[in-house]
Every structure is written in structure tokens, then in C-alpha cells.
Amino acid sequence: DAGITQSPRHKVTETGTPVTLRCHQTENHRYMYWYRQDPGHGLRLIHYSYGVKDTDKGEVSDGYSVSRSKTEDFLLTLESATSSQTSVYFCAISDSGGGSYDEQFFGPGTRLTVL
Amino acid sequence: AQSVTQPDIHITVSEGASLELRCNYSYGATPYLFWYVQSPGQGLQLLLKYFSGDTLVQGIKGFEAEFKRSQSSFNLRKPSVHWSDAAEYFCAVGKAAGNKLTFGGGTRVLVKP
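These figures come from a predicted structure and were not determined experimentally.

*Asks:* Tell me about the confidence of the model for chain B, and please be specific about residues and values.
*Replies:* Residue-level pLDDT values for chain B average 92, and 97% of them are 70 or greater. For chain B, strand E11 (residues 100-103) of chain B is the element with the lowest average pLDDT, namely 88, and strand E3 (residues 19-21) of chain B is the one with the highest, namely 98.

In C-alpha cells form, the structure reads like this:
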């Protein structure tokens, strides 16, 4: 299995509080991604990174920000959590891009509940 | 914009019976296509992928998929399902720029004894 960990694995928080989720990889892969999974929607891309300090938005980026200061870590921040952000969040990594393609490897997920 | 449709939300199949999961995609160029499986409470595992070449792709766990460009489809099949195949299955199309994936809504497979 690809070396991807996510922390925390479960979190319950209240509306309006900031939340940071962490993804850590030991594979030295260039690309990292954050998805959210909701019933009937599959996984939707929130943000992704193509290198240290290089990030871009996905299809559902509103209300989320990301940072990548090291190759191995990709942080997802909800500045002020809302109930609509209750979801399961997955991190993924990949080693290719920019004209070629490679599979993405997924972490175990973080279940976030916003009350 | 690319999109993926999995028309069947749930499928129930008897153990030992065959399984086919449908996937239709919309993408302007040659697609990179994937099937992932998610067991309950787990992350996603790649079953198989299509980049080019032979349109019948073999994957892990006895699964195969066939790419049909004329039908914009990439259906997943297994000749004989096992109880351990009960899971949710996701089809995805990839875009080389940024290595991004667009997922379908998923099909949950239940296996009857």
C-alpha cells in the first residue's frame, strides 16, 4: 500500500470553528489531492497540489483552503466550518501529470461532522 | 467539461452469478479511464485502468472492463462474484493536465448468499 496517512481520522466540530485536516505521504509523489465524498456524488475534487507551494482549485473549492510547505504534507483548512461540509475527506497522491497520466493512490479518509 | 455517469445506484447479485457495472463518460479527447473499489469504511483501491491499446482491460480480483469509444462506455464485469466483492464501485475519467480525476456517483453492490 502507498504510504499515505490522514489525521485525524474522525472529527466532530461545531459550526463556525476552523478545522485543519492533514495528509502525509512517504512516497515522495509530486501530486497531492483533496476530495470529499458524499452519497450520490462519488468523490469531488476540492484542491490539488502539483508541487511545494503550488496549488490549484478543484470543482468544489469554496470554503476550503490548502497549503503545501513540504513535499510530504498537504493540509486542508476549513476556515469556518458549516454543516454542508460534513463529509468524508480523502487525500490522494500521484506521481505524474503535465501531459502524462498515472493512477492516484488514496488515503484511508477522515470523517468530519459539523454540528 | 468531463463527466461520468453510473446509472445504477444499487445492484444486488447472488454469489456465483455474473456482475456488470455500467459507466458512461463524457470527455472531448482520448480518455484515461479507471475503476476503483471501496470496501466499507475503507479508502479507494484501483481495480483497473485504461490508457490506450487493447480495449479489454484485465484488473485485479478477477475483474475486467471493456472500453467502447462509440458508446462512450467503460463497463466493469466479473464472471462469478464472491461475497467479498460487496462494496461500492466508482468509475472515473482522468485528465492529463493536472492529473485530475472526475468520478461517477458510484454503484453499491450487495451480494446475496
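*Asks:* I'd like to hear about the pattern of salt bridges, residue by residue, with values.
*Replies:* Residues and elements named next belong to chain A. In this structure the tally under the stated criterion is 10 salt bridges over all chains. In this structure, the salt-bridge partner of Asp 73 is Arg 22, at a minimum N-O distance of 3.1 Å. Taken together, the residues span a long stretch of sequence, with Asp 73 in strand E8 (residues 73-78) and Arg 22 in strand E3 (residues 19-25) at a distance of 51 residues. What makes Asp 73 buried here is its relative accessible area of 8%. One salt-bridge network, in which partners are shared between bridges, spans Arg 22, Lys 70 and Asp 73.

*Asks:* Give a description of the sheet that holds strand E7 (residues 64-70) of chain A that names residues and reports values.
*Replies:* All names here are of chain A. The strand order E1-E3-E8-E7 describes an open sheet built from 4 strands, whose pairing is antiparallel. For this open sheet the edge positions go to strand E1 (4-7) and E7, each flanked by a neighbour on one side alone. For this sheet, the mean angle separating the axes of adjacent strands, direction not counted, is 20°. In the sheet, E3 pairs with E8 via 6 bridges, with the strands oriented antiparallel. The residue of E8 that forms the bridge with Arg 22 is Leu 75.

*Asks:* Explain the side chain of Ser 73 of chain B residue by residue, including any values.
*Replies:* On the secondary structure map, Ser 73 of chain B appears in strand E9 (residues 73-78). When near neighbours in sequence (up to four residues on either side) are disregarded, Ser 73 of chain B contacts Cys 23, Asn 24, Tyr 25, Glu 66, Phe 67 and Lys 68 of chain B.

*Asks:* Can you lay out the interface of chain B and chain A for me, pointing to particular residues and giving the numbers?
*Replies:* With 23 residues of chain B in contact, the opposing surface of chain A contributes 25 residues. Summing both sides of the interface, chain B and chain A together bury roughly 1800 Å²; the carbon and sulfur share of this comes to 54%. Close ionic contact of Lys 49 of chain B with Glu 103 of chain A constitutes a salt bridge, the shortest N to O distance being 3.7 Å. Seen at the junction of chain B and chain A, the total is 2 residue pairs in polar contact (both at pLDDT 80 or more).

*Asks:* Describe the state of the cysteines, and please don't skip the residues or the numbers.
*Replies:* Enumeration over the complete set of coordinates arrives at 2 disulfides over all chains. Disulfide partner of Cys 23 of chain A: Cys 91 of chain A, at an S-S distance of 1.9 Å. Negative torsions about the S-S bond denote left-handed disulfides, and the value of about -70° found for Cys 23 of chain A with Cys 91 of chain A makes this one left-handed. Of this pair, Cys 23 of chain A sits in strand E3 while Cys 91 of chain A sits in strand E9 (residues 87-94), and the two are 68 residues apart along the sequence. When sorted by exposure, Cys 23 of chain A lands in the same class as Cys 91 of chain A, which is buried. The disulfide partner of Cys 23 of chain B is Cys 91 of chain B, and the gap between their sulfur atoms is 1.9 Å. Residues Cys 23 of chain B and Cys 91 of chain B are joined by a disulfide whose S-S torsion is about -65°; by sign, that bridge is left-handed. A residue pair is termed long-range when its members are at least 10 positions apart, and Cys 23 of chain B in the loop between E3 and strand E4 (24-26) and Cys 91 of chain B in strand E10 (residues 87-95) qualify at 68 residues.

*Asks:* Mind laying out the packing of aromatic side chains, listing which residues take part and the relevant values?
*Replies:* Overall, the coordinates contain 18 aromatic pairs over all chains when judged by the stated rule. Seen in terms of ring centroids, Phe 90 of chain B and Phe 103 of chain B are 6.4 Å apart; in terms of plane orientation they differ by 85°. Their pairing is edge-to-face. Residue Phe 90 of chain B is found in strand E10, and its partner Phe 103 of chain B is found in strand E11; the two are separated by 13 residues along the sequence. Judged on exposure class, the residue Phe 90 of chain B and its partner Phe 103 of chain B are both buried. Members of the aromatic cluster, each reached through a chain of ring pairs, are Tyr 31, Tyr 33, Tyr 35, Tyr 48, Tyr 50 and Phe 106 of chain A together with Tyr 32, Phe 34, Tyr 36, Phe 51, Phe 90 and Phe 103 of chain B.

Analysis parameters
- Residues numbered from 1 in each chain as written.
- Chains lettered and ligands numbered in written order.
- Predicted model: local features only at pLDDT ≥ 70, side-chain atom pairs only at ≥ 80, totals over all residues.
- Heavy atoms only, no water.
- pLDDT = per-residue confidence, 0-100.
- Helix = DSSP H or I, 4+ residues; strand = E, 2+ residues; numbered from the N terminus.
- Salt bridge = Lys/Arg side-chain N within 4 Å of Asp/Glu carboxyl O.
- Buried < 20%, exposed > 50% of the residue type's maximum accessible area, 1.4 Å probe, protein only.
- Pairing = 2+ DSSP bridges.
- Axes fitted to C-alpha atoms, helices over the stretch in contact; angles between N-to-C directions.
- Contact = heavy atoms within 4.5 Å.
- Buried area = accessible area lost by both parts, 1.4 Å probe.
- Polar contact = N/O pair within 3.5 Å; in protein donor to acceptor, adjacent residues only side chain to side chain.
- Disulfide = S-S within 2.5 Å.
- Phe/Tyr/Trp six-rings, centres within 6.5 Å; stacked < 30°, edge-to-face > 60°.

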